[in-house]
Amino acid sequence: NLSSPTMFLLLGFSNAYRAQVTLCLCFSLVYLMTVLGNLLIVTLIWLDAHLHSPMYFFLGHLSFMDICYSSVTLPKILGDSFSLRKTISFAGCIMQIYFFLCFGGSECMLLAAMAYDRYLAICHPLHYSALMSKRRCHCLVAISWLSGSFSSLIQALLTAHLPFCKSNMIDHLFCEMPFLLKASCSPNAPLNKVALYALAGTIAMGSFLLTVVSYIHIIRAVLQKGAGMRRAFATCTSHLTVVSLFFGAGAVAYLVPHSSGSKEMDEVITLLYAIVTPMLNPVIYSLRNSEVKGAIRRAL
């Protein structure tokens, strides 16, 4: 017969294993929904001629960014779900930081470009086709990708050159810059931290302010011109929802001190902006957009 302490250990192991299986299944389902949902949006925009407009051109790139954004972290988290030693090489950690910041920063800039597109469509409808030409659309997307790539490259290089002579433990779901900086023993770590946050803040706050300014002009035009403009404003609700989720969760994750909350709360907030938001984007745009729903019906 098993003694009482042994029985307790066996049951604890069984419960831990079941929890790991449940967590892995949940993450797998989220990743599958993220990839398939965003891939559906990209495919519809590519195939359906009714969606060949600047707004859906930007939406297609946003969906592609969301696939890449979630693919940086979720596969590694899934692999770690059943591993007893959850490890990653230093080079792999820096690469994960680079791509995570790259796609995140690019998405910030693209959301600002989408707000600017809605501003031109609502506030300058007669000149919209000339102002938002195909060339300008490609330029705005290129600026989004390049700004995210350049910013993340500098941040990853600065982080890679910090000395790490303390513990090699990162108490987080994946490699993220604030948690890696905690492990550094460099006397210049606070200065590097300020530089890194300033660079990231320039991209995030700059794109957020551009989005806010665009919507101030949009709301002013809607209030001045009445009911006809309110129908046009309905095309902005999906974008506003995505912006609120993305910037809201990111602000809580990076602006609220990590010491003020528990480790579990940090992980929940991280999951919200790194994993859940990319999954919800195609749902938001398909459920609240009649043209996307029409494209789905035509495709079926």
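Being a predicted model, the structure only gives us computed values, none of them experimental.

Q: Any chance you could break down the overall build of the protein for me, citing the residues and the numbers?
A: Broken down by element type, the protein carries 11 helices and 0 strands. Counting helices and strands in the order they occur from the N terminus, the protein gives α-α-α-α-α-α-α-α-α-α-α. Burial status across the protein gives 43% buried among its 300 residues. Long-range pairs, those at least 24 residues apart, make up 76% of the contacts in the protein with a sequence separation of at least 6.

Q: Summarise helix α11 (residues 290-299); cite the residues concerned and give the values.
A: Of all the residues in α11, the buried ones are Val 292, Gly 294 and Ala 295. Here the buried residues of α11 occupy an arc of 160 degrees about the axis, which is enough to place them on one side. Opposite the buried face of α11, by more than 90 degrees, sit the exposed residues Ser 290 and Arg 297.

Q: An account of the environment of Leu 209 is requested, with residue identities and associated values reported.
A: Looking at the element boundaries, Leu 209 is found in helix α7 (residues 189-225). On the basis of relative accessibility, which here comes to 49%, the residue Leu 209 falls in the partly exposed class. Between the C-alpha atoms of Leu 209 and Ala 112, which are 97 residues apart in sequence, the distance is 8.3 Å.

Q: Please give an account of the packing of helix α2 (residues 54-81) against helix α3 (residues 90-123) that cites residues and values.
A: Viewed as axis vectors pointing N to C, α2 and α3 meet at an angle of 160 degrees, and their least axial separation amounts to 9 Å. The orientation of α2 relative to α3 falls into the category roughly antiparallel. For the pair α2 and α3, the sense of crossing is left-handed. Its residues placed into classes, the contact of α2 with α3 shows 16 nonpolar, 5 polar and 5 charged.

Q: Residue-level account of the nonpolar core, with values.
A: Within soluble globular proteins, side chains that are nonpolar tend to cluster in buried spots. Grouped together as the largest cluster of nonpolar side chains are 58 residues, with contacts concentrated most on Phe 58, Leu 59, Leu 111, Met 114 and Ile 218. If you list the elements that add at least two residues to this core, you get α1 (4-47), α2, α3, α5 (134-160), α7, α9 (237-255), α10 (263-287) and α11. For this core, the leading source of residues is α3, giving 13 residues. Beyond its immediate chain neighbours, meaning those up to four positions away, Phe 58 contacts Leu 110, Ala 113, Met 114, Asp 117, Met 132, Cys 137, Leu 140 and Val 141.

Q: So what's going on with the state of the cysteines? Residues and values would help.
A: With the rule as written, the count across this model stands at 0 disulfides. Cysteine Cys 102 shares no disulfide, and the gap to the nearest cysteine sulfur, in Cys 68, comes to 8.8 Å. Cys 236 carries a free sulfur, and the closest cysteine sulfur to it, the one in Cys 123, is 9.0 Å from it. A relative accessible area of 0% means that Cys 236 is categorised as buried.

Q: Go over α2 with me, naming the residues and quoting the values.
A: An ideal rise of 1.5 Å per residue puts 40 Å on 28 residues; α2 measures up with 41 Å between its terminal C-alpha atoms. Most of α2 is tucked away, with 21 of its 28 residues classed as buried.

Q: So, the UniProt feature "transmembrane region" (unreviewed entry) in the protein: which residues are in play, and what are the values?
A: Under the feature "transmembrane region" (unreviewed entry), the UniProt entry names residues 28-47, 94-116, 137-158, 194-219, 231-256 and 268-287. As a span, residues 28-47 carries 100% helix and 0% strand, and end to end its C-alpha atoms are 28 Å apart.

What counts, and at which threshold
Residues numbered from 1 in each chain as written. Predicted model: local features only at pLDDT ≥ 70, side-chain atom pairs only at ≥ 80, totals over all residues. Heavy atoms only, no water. Helix = DSSP H or I, 4+ residues; strand = E, 2+ residues; numbered from the N terminus. Buried < 20%, exposed > 50% of the residue type's maximum accessible area, 1.4 Å probe, protein only. Contact = heavy atoms within 4.5 Å. Arc of directions from axis to C-beta. Axes fitted to C-alpha atoms, helices over the stretch in contact; angles between N-to-C directions. Parallel < 35°, antiparallel > 145°, perpendicular 65-115°, else oblique. Left-handed = near helix turned anticlockwise from the far one by under 90°. Nonpolar A, V, L, I, M, F, W, Y, C, P; charged D, E, K, R; others polar. Core = buried A, V, L, I, M, F, W, Y, C linked by side-chain atoms within 4.5 Å. Disulfide = S-S within 2.5 Å. Expected span 1.5 Å × (residues − 1). UniProt positions renumbered as here; feature names shortened; annotations may be inferred.

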